[in-house]
Amino acid sequence: MIKSAFFLTLTLCLSVIEVHAQLIFEKDEYANRREKLMDNIPDGIAIIRGASEPLGDTPFSQYNNMMYFAGVEIPDAILIVDGERRESTLFFTIGEQHADGENIPLVLVREPVKVTGIENYLPYEDFSETLKGRLKRSTVIYTPFSPEEYIGENSMEKYNKFRRSVTENEWDGRLTREMQFVEVLNQRFPDNQVLNCTPFIWELRKIKSKAEIDVLRQAAQLSVEAHKAVIRNTRPGVAEVKLAALFQQVCMSGGARELAFGTIIMSDKNHAYGHYMQYDRTLQEEDFIILDGGANVDYYASDVSTTFPASGKFSETQREIYELGLFVREICQSLYRPGISLTEIGAVVKGELEKLGFDTTDPRFKLWIRDGGFNHSIGMAVHDRMLDFDRGEPLKPGFVFACDIMGKADEVTGIRIEDTVVITEDGVEILSAGLPRTIDEIEAFMKNN
């Protein structure tokens, strides 16, 4: 009896672990997100579509919104979040052999309701008939109008590029995948309103939960290790391409799903190009390097930048601009807390610069004073979308963003000192803590490595 009880307990424990392992977060985390979306659509249903299987021989990656609300990495999944009936339905079809070949857990394929906590499951092929049967004349159909994001993408940046190169191209003119779906919905269901639920989703994604912050911290700390590896291996004569490869190797071997974005390495004249990633130089003695890169862990991004001399020793020009940037960074990070605004922080920066005798009308101070160190929100996208954000609004706990101090002394001497930070209940946490940041720390770190 004791043996039987032991094995029964072990089996139950393994079953719980197996089910939990299919999702990044606990089921309640996803259910809470779906419920908040339902609160915004009491008169209708939201249709969230997942990514399709890649056309080429590349690994499948899910859209961020499907991961946000359902947590499943199955191709061509569809999620209906029903605000009228307060329930959700997940649609997908995948064979067990196909799933196993894509490293999709078979328990998810066999028991999707149990694994996901989503109330209903139906095969993909049932979606059309289910939608027809579900809709009443008064039911509003909500769906995202803005482009869905893969890892490394931002919805509006993606839309603007697509619009310029495809939709507004006189030889093309295609709609985005999302707007094509909207057009088909309008054609098939002319009696139902089709409305955009993107704003509701962006508002939900603006403030991160504790569970999300835990993953963002992992991504930031992995990025810190990759930055340290590159700094450690930087010296005159080293090719930038080797440093870029090293950054990716550290991230991927440390558990990153992908890079959060293409690693930026700027030296010499390439400081003029804010997102240079050609890796076409071999470092020289006098080079000042900006490294801007981050890991993506479980669909959550990080964004970290470091600036350091190839020689391991700061020149006077490099020292002057770096110390000024570090001074502003320390002001900003000392003030981040709930209730204060970035505008207020910028005003303090302005005052402190004036105390040092600087003319704060100088254009190089504009961003520091206007933004209080803020550059962009960070989450599932490295430039995470928000419905509304005003630099004058009070900061709130759970807001994750880039504190990004940028500046230039001349055409070949720029700085970027960037951290991923989160507002906490009583202040701020630097998620990317642990890097050598002061000049003395950087020089000592490079000397000793």
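Predicted, not measured: the structure shown is a model, and the values here were computed from it. (Residues numbered from 1 in each chain as written. Predicted model: local features only at pLDDT ≥ 70, side-chain atom pairs only at ≥ 80, totals over all residues. Heavy atoms only, no water.)

Here's the deal with the pattern of salt bridges
Logical step 1: On inspection of all chains with the given rule, the structure shows 34 salt bridges.
Logical step 2: We note a salt bridge from Glu354 to Lys350, for which the minimum N-O separation is 2.7 Å. Of this pair, Glu354 and Lys350 both sit in helix H14 (residues 342-355), 4 residues apart, which is roughly one turn of that helix.
Logical step 3: Salt-bridge contacts for Asp371 lead to Arg391; the nearest nitrogen and oxygen are separated by 2.5 Å. Placement of Asp371 in helix H15 (residues 366-371) and of Arg391 in the loop between strand E13 (374-377) and strand E14 (400-410) is noted, with a sequence separation of 20 residues between them.
Logical step 4: Given a relative accessible area of 31%, Arg391 falls into the partly exposed group.
Logical step 5: Residues participating in the shared-partner salt-bridge network are Glu149, Arg205, Lys208 and Asp384. (Salt bridge = Lys/Arg side-chain N within 4 Å of Asp/Glu carboxyl O. Helix = DSSP H or I, 4+ residues; strand = E, 2+ residues; numbered from the N terminus. Buried < 20%, exposed > 50% of the residue type's maximum accessible area, 1.4 Å probe, protein only.)

Some remarks on the environment of Asn64
Logical step 1: Here Asn64 shows up in helix H3 (residues 64-69).
Logical step 2: Residue Asn64 is classed as buried on the basis of its relative accessible area, which comes to 0%.
Logical step 3: When the C-alpha atoms of Asn64 and Glu149 are compared, they prove to be 5.6 Å apart, with 85 residues separating the residues in sequence.
Logical step 4: Those residues within four positions of Asn64 in sequence are excluded, and the remaining contacts are Glu149, Tyr150, Arg205, Tyr299, Met380 and Ala381.
Logical step 5: Among the polar contacts listed, one links the side chain of Asn64 to the backbone oxygen of Met380, at a separation of 3.3 Å. (Contact = heavy atoms within 4.5 Å. Polar contact = N/O pair within 3.5 Å; in protein donor to acceptor, adjacent residues only side chain to side chain.)

Quick word on helix H16 (residues 439-447)
Logical step 1: Among the residues of H16, those classed as buried are Ile439, Ile442, Glu443, Phe445 and Met446. Mapping the buried residues of H16 onto a view down its axis gives an arc of 160°, with all of them on the same face. Of the residues in H16, the exposed ones pointing more than 90 degrees away from the buried face are Asp440 and Lys447. (Arc of directions from axis to C-beta.)

What to know about the UniProt feature "domain: Aminopeptidase P N-terminal" (unreviewed entry) in the protein chain
Logical step 1: Mapped onto the present numbering, the UniProt feature "domain: Aminopeptidase P N-terminal" (unreviewed entry) falls on residues 25-152.
Logical step 2: For residues 25-152, the end-to-end C-alpha separation is 21 Å, with 34% helix and 18% strand making up the annotated structure. (UniProt positions renumbered as here; feature names shortened; annotations may be inferred.)

Thoughts on the environment of Val382
Logical step 1: Following the sequence through the fold, Val382 ends up in the loop between E13 and E14.
Logical step 2: Separated by 122 residues in the primary sequence, Val382 and Ala260 place their C-alpha atoms 6.5 Å from one another.
Logical step 3: The residues touching Val382, leaving out its near neighbours within four places in the chain, are Ala260, Phe261, Ala301, Ser302, Asp303, His376 and Ser377.

Let's talk about the nonpolar core
Logical step 1: Ranked by internal contacts, the top residues of the largest apolar core, which has 102 residues, are Leu79, Phe308, Tyr322, Tyr336, Ile345, Trp368 and Leu395.
Logical step 2: Looking at this core, the element that brings in the most residues is helix H11 (residues 210-232), giving 10 residues.
Logical step 3: Look past the residues within four positions of Tyr336 in its chain and what remains in contact with it is Leu342, Ile345, Gly372, Gly373, Phe374, Leu395, Phe401, Cys403, Ile423, Gly427 and Val428.
Logical step 4: One finds Ile45, Ile78, Ile80 and Leu135 within the second-largest nonpolar core, a separate group that totals 14 residues. (Core = buried A, V, L, I, M, F, W, Y, C linked by side-chain atoms within 4.5 Å.)

Here we look at the packing of helix H13 (residues 316-335) against H16
Logical step 1: Interhelical geometry of H13 versus H16 gives an angle of 125° and a closest axis separation of 11 Å. If you check the angle between H13 and H16, you find them oblique. The segment H13 lies against H16, with Arg319, Tyr322 and Glu323 engaging Ile439, Ile442 and Glu443.
Logical step 2: Looking at side-chain class alone, the contact of H13 with H16 contains 3 nonpolar, no polar and 3 charged residues. (Axes fitted to C-alpha atoms, helices over the stretch in contact; angles between N-to-C directions. Parallel < 35°, antiparallel > 145°, perpendicular 65-115°, else oblique. Nonpolar A, V, L, I, M, F, W, Y, C, P; charged D, E, K, R; others polar.)

Looking at a negative patch on the surface
Logical step 1: A contiguous patch of negative charge on the surface is contributed by Glu26, Asp28, Glu35 and Glu119.
Logical step 2: Examined against the element boundaries, Glu35 turns out to sit in helix H2 (residues 27-40).
Logical step 3: Owing to a relative accessible area of 39%, Glu35 belongs among the partly exposed residues under this scheme. (Patch = residues over 30% accessible without salt bridge, like charges linked within 9 Å, V, L, I, M, F, W, Y side chains within 5 Å. Areas by Shrake-Rupley, 256 points an atom, 1.4 Å probe, with all protein chains shown as cover. Lys, Arg positive; Asp, Glu negative; His and termini not counted. Charge placed at Lys NZ, Arg CZ, Asp CG, Glu CD.)

Focus: unusual backbone geometry
Logical step 1: The backbone phi angle of Asp298 is positive, close to 50°, even though this residue is not glycine.
Logical step 2: When you line up the elements, Asp298 lands in the loop between strand E10 (295-297) and strand E11 (300-301).
Logical step 3: Residue classification places Asp298 among the partly exposed positions, given a relative accessible area of 35%.
Logical step 4: Phi is positive for Tyr299, close to 75°, though the residue is something other than glycine.
Logical step 5: Exposure remark for Tyr299: the relative accessible area of 2% places this residue in the buried category.

Side note on the side chain of Asn65
Logical step 1: Position of Asn65 among the secondary structure elements: in helix H3.
Logical step 2: Accessibility expressed as a relative area gives 9% for Asn65, which makes it buried.
Logical step 3: Within the local environment of Asn65, its side chain forms a polar contact with the side chain of Glu148, the two groups lying 2.9 Å apart.
Logical step 4: Polar contacts involving the side chain of Asn65 include one to the side chain of Arg205, which spans 3.0 Å.
Logical step 5: Excluding residues that lie within four positions of it along the chain, Asn65 makes contacts with Ile48, Pro144, Glu148, Ile201 and Arg205.

A look at the side chain of Arg416
Logical step 1: On the secondary structure map, Arg416 appears in strand E15 (residues 413-423).
Logical step 2: Classification of Arg416 as buried rests on a relative accessible area of 8%.
Logical step 3: One polar contact links the side chain of Arg416 to the main-chain carbonyl oxygen of Gly274, over a distance of 3.3 Å.
Logical step 4: In this structure Arg416 touches Ile264, Met266, Gly274, Ile290, Asp292, Ser305, Thr306, Thr307, Asp404, Ile405 and Met406, once residues within four positions along its chain are discounted.

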